[in-house]
Amino acid sequence: MNAVVTGLGATTPLGGDIVSTWAGLLAGESGISAIEEEWAADLPVRIAGRLRVDPGEVLDRVQARRLDRCEQVALIAAREAWADAGRPEVEPERLAVVIGTGTGGALTMLGQDDVLEASGVRKVSPHTVPMLMANGPAAWVSIELGARGGAHTPVSACASGAEAIAMGLDLIRLGRADVVVAGGAEACIHPLPLAGFAQAKAHSTRNDAPRQASRPFDVDRDGFVIGEGAALVVLERAEFAAARSARVHAVLAGAGVTSDAHHITAAHPDGQIRAMRRAMAEAGLGPLDIGHVHAHATSTPKGDLTEAESIRAAVGAHPAVTATKSMTGHLFGAAGSMGAIATILAIRDGAIPATANLDRLDPAIGLDVVAGRPRLGAIPAALTNSFGFGGHNASLVFTAGS
């Protein structure tokens, strides 16, 4: 049994909704900019992919004050996705929410710790715990939509958003839900994560050229760029969607979720290969059926090479490959769902965004990486990858809707 995608929602460094984000990806725009605030002055990393539209401009004042930024972006994306799906009439017990995140309410936790240290316990917000808990985004969206079929939170580092979509597919296939709102949310642009990634040599330090900093597959890549945002999809049981004559963006035909059991930060090709092969097998497709791969490709020297090796082994060198983190930055818990949406839209519109900043393709990559301008043409089936620290791997296969 397949699930169909009937709704899309996002707020990203490229735009406050799907239309503006997709237009930015096709235009090759960059959402990366310099961090001008004083708190970043002494950091080795002073660039990030910040939201193009601040959540405070969208949510009412009281709601914004009581939600962590990660919860805010999830709610904004959920509202757009739900509206895009036509606000399906579904029994509350048959509606579920699955929203993954890598760090949850990190900004609240770090900020309230500062308050505690500086001003004492009486100044700590009474909303601290609901704001910092990782399940907050899923909980708030379930409350917003009246979803009583479960509110779930995969926490699988950078694979969280894609794993959430895979879990949504499972819920539908197991007969536990007719409609699932799924994806990821993240907002953790703060001195501590920036310093930590810099110390680990994982983050780009191109502070003088923010827009050129994220350069997947390029020979001069030097690390990812932290970003923030949310990306959610509405999945429906195909028969349920057909009964209400819903518009279908694409079909979620298969998912593969694996773990490396290898190293806490270093990926292993075996786990990635198994995830891709499992997703294709679930979809009933072979490697030659896949015309496009949306790569995880964070722009790290080793990570991009490992994934390229995995794609060649599992799918082959024939698909057109792109890496949109070159424009949005790395959205961590929302990266997999943003990649899924980019893949869905590529299938729907017959246009694969070009990988930005790909001036010189690393010859060791050995893939057909789209560069310069979007690649146009029909895409019957495509695969998107998401991999995370801890050895988490999630691959999704989408096909064109009928």
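Above this text is the structure in question.
Computed from a predicted structure; not experimentally measured.

How each quantity is defined
Residues numbered from 1 in each chain as written. Predicted model: local features only at pLDDT ≥ 70, side-chain atom pairs only at ≥ 80, totals over all residues. Heavy atoms only, no water. Pairing = 2+ DSSP bridges. Helix = DSSP H or I, 4+ residues; strand = E, 2+ residues; numbered from the N terminus. Axes fitted to C-alpha atoms, helices over the stretch in contact; angles between N-to-C directions. Parallel < 35°, antiparallel > 145°, perpendicular 65-115°, else oblique. Contact = heavy atoms within 4.5 Å. Nonpolar A, V, L, I, M, F, W, Y, C, P; charged D, E, K, R; others polar. Phe/Tyr/Trp six-rings, centres within 6.5 Å; stacked < 30°, edge-to-face > 60°. Buried < 20%, exposed > 50% of the residue type's maximum accessible area, 1.4 Å probe, protein only. Disulfide = S-S within 2.5 Å. Salt bridge = Lys/Arg side-chain N within 4 Å of Asp/Glu carboxyl O. Polar contact = N/O pair within 3.5 Å; in protein donor to acceptor, adjacent residues only side chain to side chain.

### Things to note about the sheet that holds strand S14 (residues 381-388)
No. 1: In spatial order, the strands read S5-S4-S6-S7-S1-S8-S15-S14-S9-S10-S12; together these 11 strands make up an open sheet with mixed pairing. The two strands at the open ends of the sheet, each matched to only one other strand, are strand S5 (151-152) and strand S12 (368-369).
No. 2: In this structure, strand S1 (residues 3-11) lies alongside strand S7 (residues 229-237), joined through 8 bridges in antiparallel fashion. The partner of Gly-7 across the bridge, within S7, is Val-234.

### Topic: the packing of helix H7 (residues 160-173) against helix H13 (residues 335-349)
No. 1: Contact geometry for H7 and H13: axes closest at 4 Å, N-to-C directions at 65 degrees. Between H7 and H13, the angle is such that the two are roughly perpendicular. Between H7 and H13, the residues in contact are Gly-161, Ala-162 and Ile-165 and Gly-336, Ser-337 and Ala-340, respectively.
No. 2: Partitioned by chemical class, the residues of the contact of H7 with H13 number 3 nonpolar, 3 polar and no charged.

### Structural notes on the packing of aromatic side chains
No. 1: In this structure the tally under the stated criterion is 3 aromatic pairs.
No. 2: Centroid distance Phe-197 to Phe-224: 5.0 Å. Interplanar angle 80 degrees. Geometry classified as edge-to-face. Residue Phe-197 is found in helix H8 (residues 191-199), and its partner Phe-224 is found in the loop between H8 and S7; the two are separated by 27 residues along the sequence.
No. 3: Centre to centre, the rings of Phe-197 and Phe-332 are 5.3 Å apart; their planes meet at 50 degrees, and the pair counts as tilted.

### A look at the pairing of strand S4 (residues 95-100)
No. 1: Burial within S4 is extensive, with 6 of its 6 residues counted as buried.
No. 2: In S4, alternate side chains face the same way, and those of Leu-95, Val-97 and Ile-99 on one face and Ala-96, Val-98 and Gly-100 on the other are all buried.
No. 3: With 6 bridges joining them, S4 and strand S6 (residues 179-186) adopt parallel strand pairing. Note on S6: the bridge partner recorded for Ala-96 is Val-180.
No. 4: One ladder, built from 2 bridges, connects S4 with S5; its direction is parallel. In the strand pairing of S5, Val-98 is matched with His-152.

### Considerations on the environment of Ile-18
No. 1: Locating Ile-18 in the fold gives a position in helix H1 (residues 18-27).
No. 2: Its relative accessible area of 10% is what places Ile-18 among the buried residues.
No. 3: Sequence-wise, Ile-18 and Ala-77 are 59 residues apart; in three dimensions their C-alpha atoms are separated by 8.8 Å.
No. 4: Contact partners of Ile-18, with chain neighbours within four places excluded, come to Leu-8, Gly-9, Ala-10, Glu-80, Ile-341 and Leu-345.

### Here we look at unusual backbone geometry
Keep in mind that most residues, glycine aside, have a negative phi and that most peptide bonds are trans.
No. 1: Of note in this structure, Ala-157 is not a glycine but carries a positive phi near 55 degrees.
No. 2: Accessibility expressed as a relative area gives 22% for Ala-157, which makes it partly exposed.
No. 3: Positive phi values are uncommon outside glycine, yet Ser-299 reaches one of about 90 degrees.
No. 4: Overall, Ser-299 belongs to the buried group, its relative accessible area being 0%.

### Section: the state of the cysteines
No. 1: Counted under the stated rule, the structure contains 0 disulfides.
No. 2: Cysteine Cys-158 remains unbridged, with the sulfur of Cys-188 as its closest cysteine sulfur at 9.2 Å.
No. 3: Cys-158 gets classed as buried once you look at its relative accessible area, which sits at 13%.
No. 4: Free cysteine Cys-188: the closest other cysteine sulfur is in Cys-70, separated by 8.4 Å.

### A word on the pattern of salt bridges
If the charged atoms of two oppositely charged side chains come close together, the side chains can form a pair.
No. 1: Taken as a whole and assessed by the stated rule, the structure comprises 19 salt bridges.
No. 2: Here Asp-218 ties to Arg-215 by a salt bridge, and the two come within 3.2 Å at their closest N and O atoms.
No. 3: Residue Arg-215 is classed as buried on the basis of its relative accessible area of 5%.
No. 4: The partner of Arg-274 in a salt bridge is Asp-270, with the nearest N and O atoms 2.9 Å apart. With Arg-274 and Asp-270 both in helix H10 (residues 269-283), this residue pair falls 4 residues apart, about one helical turn.
No. 5: Here Asp-270 falls in the partly exposed class, since its relative accessible area comes to 38%.
No. 6: Overlapping salt bridges bring together Arg-94, Asp-178, Arg-237 and Glu-239 as one network.

### Considering the side chain of Ser-214
No. 1: By the element assignment, Ser-214 lies in the loop between H8 and S7.
No. 2: Here the side chain of Ser-214 touches Lys-325 through a polar contact of 2.9 Å, landing on its backbone oxygen.
No. 3: Non-local contacts of Ser-214, meaning those with residues more than four positions away in its chain, are made with Val-225, Thr-298, Ser-299, Lys-325, Ser-326, Ala-356 and Asn-357.

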